[in-house]
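Geometric and topological summary
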Amino acid sequence: MWKGRFQQQTAALLQTYSESISYDWRLWPHDIEGSIAHSAALEKAGLLTPAERQSIVDGLLAIGGEIEKGTFVFRTELEDIHMNIEAELTRRIGDAGAKLHTARSRNDQVALDIRLYLRSECDALDGLLKALQSALVTLGSQNSDVVIPGYTHLQRAQPVYFAHHLLAYVEMLQRDRDRIADCRKRINVMPLGSGAIAGSTILLDRQLVADLLGFPALTRNSMDAVSDRDFAVELLSALALVAMHLSRLSEDVILWASSEFHFITLSDAFTTGSSLMPQKKNPDVAELTRGKTGRVYGNLMSLLTLMKGLPMTYNRDMQEDKEAIFDSVDTVKAALAVFAPMLVEAMVDAGSCAAAVSDPNLLATDLADYLVNRGLPFRKAHEVIGRAVARCAELGCGLDRLAVSEYQALSALFEDNVHSILEVQRSMQARRAVGAPSPGNVLGELERWTALLD
Ligand code: ARG
């Protein structure tokens, strides 16, 4: 491509060192789509005849067909996807192919390809996130009357509907979707026409290219357009948060599937066995997802670090952006895709959940509220119930077995009905504030999300 200025061949060592075709080949659909749009602008400017443009379009589509079939031969000495396609096109159609790179540089070309790629991945990610939300809502709806202990510090805290716990993740995933949609706006800007750094003396209709490719806006500074990857950093950051949410969900699934919790049983199809211990059924999907979060975080840090010291504008360092970008997108998509069916197939063990939630100490705060309703300041009520819990520990019983006389010895505000406070259903019914898990609220949220995701 640059043989004019050079007298020596590129060293074979350098060719292997600098190639990116082994991983950027997958940008081919976007590279071809971008070149077809660029050729329209070249024709409009009178730089290609209609016949030349037609042979470019036909040639590019033929090459695309072969890449898709797996019969196209990529050549390492042609470095990247851009030069592989252009060189083969020119080999096939001659001069018309040699005109395609007019007023274009690989610098604006690769910026365009990445934007096109990321734009379509944003849409794919949104679909997968939505499918996982639906799976969570389905699992919640199928078990809408199951109550489990909610935990803080992994210590039993207060009862919650299992569906309420799942809906917490639906909210997180919605914010992930919103973040990706917001980031998509900044991805969706057309950089072609920026050239290597300073546009071109040959004037092309950039708006035409943007219209053909469905971009609502043009980049406004050629230097920014070829050197900026902050839109990719943003997406990798959004994906790091998706991974964080999936990792926390993984941890819950792993705990719930343990013999100690036994809140859920995962289906055989989404668990693995042990090569040694015949009894094992392991939650590998969740463990792998928790583990893969590390590389998704790492990719974000790689890209940030890659960009931080680069002088304006394009620097070859930037070729190193691709593996991090591809890996985060692929990893998060794969995790989302496997999590949804795994959750839909999970069986909730209502008996274990009921046994866990029958722990009367989960309602200690309800007892403090009982005293507050009888006029005691909350801090004092907290202390009284703390004493009741300590007394229970002494007697080796739960708050539900502590005699009324014991309660009344701690506070005269206790009446004979004190034990009625320690009923889970009553407690759930009372939690009616917006966002709290009363049965009506949880059913309402399940319905709201079902409709929203429909
Ligand atoms: N493969 C290159 C990359 O991914 C394309 C741009 C190369 N530009 C250049 N001036 N060498 O960044």
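Being a predicted model, the structure only gives us computed values, none of them experimental.

1. Quick word on the overall build of the protein chain
- Across its full length, the protein chain carries 19 helices and four strands.
- In terms of C-alpha radius of gyration, the protein chain reaches 30 Å, well past the compact-globule figure of 22 Å for 454 residues.
- When its C-alpha atoms are laid out on the principal axes, the protein chain stretches across 100 × 55 × 40 Å.
- Counting only residues that meet the buried cut, the protein chain has 47% of its 454 residues in that class.
- In the protein chain, once contacts between residues fewer than 6 apart in sequence are set aside, the share between residues at least 24 apart is 75%.
- Looking at the protein chain as shown, the accessible area adds up to about 21900 Å², and 54% of this sits on carbon and sulfur atoms.
- A distance of 3 Å separates the average location of the 45 positive side-chain charges in the protein chain from that of its 58 negative side-chain charges.

2. Considerations on the pairing of strand S2 (residues 155-161)
- Here strand S1 (residues 147-152) runs beside S2; their pairing, made up of six bridges, is antiparallel. Looking at the pairing, Tyr151 lines up with Arg156 of S2.
- Connecting S1 to the antiparallel partner S2 that follows it, the hairpin turn spans two residues, and His153 within it adopts a positive phi of roughly 55 degrees.

3. Some points on the environment of Ala430
- When you line up the elements, Ala430 lands in helix H18 (residues 424-430).
- Taking the C-alpha atoms as reference, Ala430 lies 9.6 Å from Asp366; in sequence the two are 64 residues apart.

4. Some thoughts on the site of the ligand
- Near the ligand the following residues occur: Ser20, Asp80, His82, Arg106, Asn107, Val110, Tyr314, Arg316, Gln319 and Lys322.
- With respect to the ligand, the side chain of Arg106 contributes an N or O atom lying 3.4 Å from a nitrogen atom.
- Note that a nitrogen atom of the ligand is positioned 2.9 Å from one of the side-chain N or O atoms of Asn107.
- Notes on the ligand: free accessible area 340 Å², of which the protein chains cover 86%.
- In terms of residue count, the dominant contributor to the shell around the ligand is helix H7 (residues 106-142) (three residues).
- Each residue belonging to the shell around the ligand can be placed in one class, and the counts come to two nonpolar, four polar and four charged.

5. Some details on the packing of helix H4 (residues 50-69) against helix H5 (residues 81-93)
- Interaxial distance between H4 and H5 falls to 10 Å at its minimum, and their mutual angle equals 120 degrees. Classified by the angle their axes make, H4 and H5 are oblique. H4 and H5 meet at a crossing whose hand is right-handed. Contacts from Ser55, Ile56, Gly59, Leu60, Ala62, Ile63, Glu66 and Ile67 of H4 reach H5 at Ile85, Glu88, Leu89, Arg92 and Ile93.

6. Focus: the packing of aromatic side chains
- Tallied over the full model, the rule gives eight aromatic pairs.
- Pairing Tyr370 with Phe414 gives two aromatic rings, centres 5.8 Å apart and planes at 15 degrees, and the pair type is stacked. Placement of the pair is Tyr370 in helix H15 (residues 364-373) and Phe414 in the loop between helix H17 (404-410) and H18, with a sequence separation of 44 residues. As far as the burial class goes, Tyr370 and Phe414 line up, both buried.
- Pairing Tyr407 with Phe414 gives two aromatic rings, centres 4.9 Å apart and planes at 55 degrees, and the pair type is tilted.
- Taking the relative accessible area as the measure of exposure, Phe414 reaches 2% and is therefore buried.
- Cluster of aromatic residues (ring-pair linked, three or more members): Trp25, Phe72 and Phe74.
- The lysine or arginine in question, Arg5, covers the ring of Phe6, its NZ or CZ lying 5.7 Å from the ring centre.

7. Notes on the nonpolar core
- With 117 residues, the main nonpolar core has Leu118 and Leu343 as its most contacted residues.
- Look past the residues within four positions of Leu118 in its chain and what remains in contact with it is Ile187, Phe231, Ala232, Leu235, Ile325 and Val329.
- Residues Ala37, Leu192, Val209 and Phe215 belong to the second largest nonpolar core, which totals ten residues.

8. Focus: unusual backbone geometry
- In this structure, Thr313 follows Met312 across a cis peptide bond, with omega equal to 0 degrees.
- If you check the backbone angles, Glu79 has positive phi at about 65 degrees while not being a glycine.
- Mapped onto the secondary structure, Glu79 falls in the loop between H4 and H5.
- On the basis of relative accessibility, which here comes to 8%, the residue Glu79 falls in the buried class.
- At His262, a residue that is not glycine, the phi angle is positive and equals roughly 55 degrees.
- Assignment of secondary structure puts His262 in the loop between helix H11 (230-257) and strand S3 (264-265).

9. Overview of the environment of Tyr169
- By secondary structure assignment, the location of Tyr169 is in helix H8 (residues 162-187).
- For the pair Tyr169 and Gln133, spaced 36 residues apart in sequence, the C-alpha to C-alpha distance is 7.7 Å.
- Other than its neighbours up to four places away in sequence, Tyr169 contacts Leu136, His245, Arg248, Leu249 and Asp252.

10. Here we look at a nonpolar patch on the surface
- The grouping of Met1, Trp2 and Phe6 at the surface amounts to a nonpolar patch, some 340 Å² of accessible area in total.
- With respect to the secondary-structure elements, Met1 resides in the segment before helix H1 (12-18).
- Taking the relative accessible area as the measure of exposure, Met1 reaches 55% and is therefore exposed.

Rules behind the numbers
The residue count restarts for each chain, going from 1 along the sequence in the order it is written. Reporting in this predicted model follows two pLDDT cut-offs: at least 70 for local features of residues, and 80 or more for side-chain atom pairs to be given and counted; totals over whole chains, interfaces and linings ignore these cut-offs and use all residues. Side-chain measures were taken over the full set of non-hydrogen atoms in the model, leaving aside hydrogen atoms and water. The helix and strand labels rest on DSSP assignments: H or I over at least four residues marks a helix, E over at least two residues marks a strand, and numbering proceeds from the N terminus. We compute the radius of gyration over the C-alpha atoms and compare it with the globule rule, which gives 2.2 Å times the number of residues raised to the power 0.38. In this scheme, a residue with accessible area under 20% of its type's maximum is buried, one over 50% is exposed, and one in between is partly exposed, where area comes from a 1.4 Å probe on protein chains only. Contacts are assigned to residue pairs with any non-hydrogen atoms lying within 4.5 Å of each other. Note that accessible areas follow from Shrake-Rupley with a 1.4 Å probe, and for residues the cover is restricted to the protein chains shown. Charge convention: Lys and Arg are scored as positive, Asp and Glu as negative, and His as well as the terminal groups of each chain are ignored. Here the site of a charge means NZ on Lys, CZ on Arg, CG on Asp, or CD on Glu. Strand pairing follows a simple DSSP-based rule, namely that at least 2 bridges must link the two strands. Think of it this way: one heavy atom of a residue within 4 Å of a molecule or strand is enough to make that residue near it. Here a polar contact is recorded for every N or O atom pair within 3.5 Å, except that within protein the pair must consist of a potential hydrogen donor and a potential acceptor, and residues adjacent in sequence are included only if both atoms are side-chain atoms. Side-chain classes are defined by residue name, with Ala, Val, Leu, Ile, Met, Phe, Trp, Tyr, Cys and Pro counting as nonpolar, Asp, Glu, Lys and Arg as charged, and the others, Gly among them, as polar. Axis definition: a line fitted to C-alpha atoms, over the contacting stretch in the case of helices. Angles run 0 to 180 degrees between N-to-C directions. Oblique is the label for every angle not falling under 35 degrees (roughly parallel), over 145 degrees (roughly antiparallel), or within 65 to 115 degrees (roughly perpendicular). Each helix crossing is assigned a hand: it is left-handed if the near helix lies turned anticlockwise from the far helix by less than a right angle, otherwise right-handed if that turn is clockwise. Side-chain rings of Phe, Tyr and Trp, where Trp is taken by its six-membered ring, are said to pair if the distance between their centres is within 6.5 Å; with planes under 30 degrees apart they count as stacked, over 60 as edge-to-face, and otherwise as tilted. In this analysis the charged atom, NZ for Lys or CZ for Arg, is taken to sit over a ring once it is within 6 Å of the ring centre and within 35 degrees of the ring normal. Residues belong to one nonpolar core when they are buried, are Ala, Val, Leu, Ile, Met, Phe, Trp, Tyr or Cys, and are joined through side-chain atoms within 4.5 Å. By definition, no residue in a patch forms a salt bridge, and every one has over 30% relative accessible area; like charges are joined within 9 Å, nonpolar side chains (Val, Leu, Ile, Met, Phe, Trp, Tyr) within 5 Å. Salt bridges are defined as contacts in which a side-chain nitrogen from Lys or Arg sits within 4 Å of a carboxyl oxygen from Asp or Glu.

Geometric descriptors of this kind do not, in isolation, establish any biological role.
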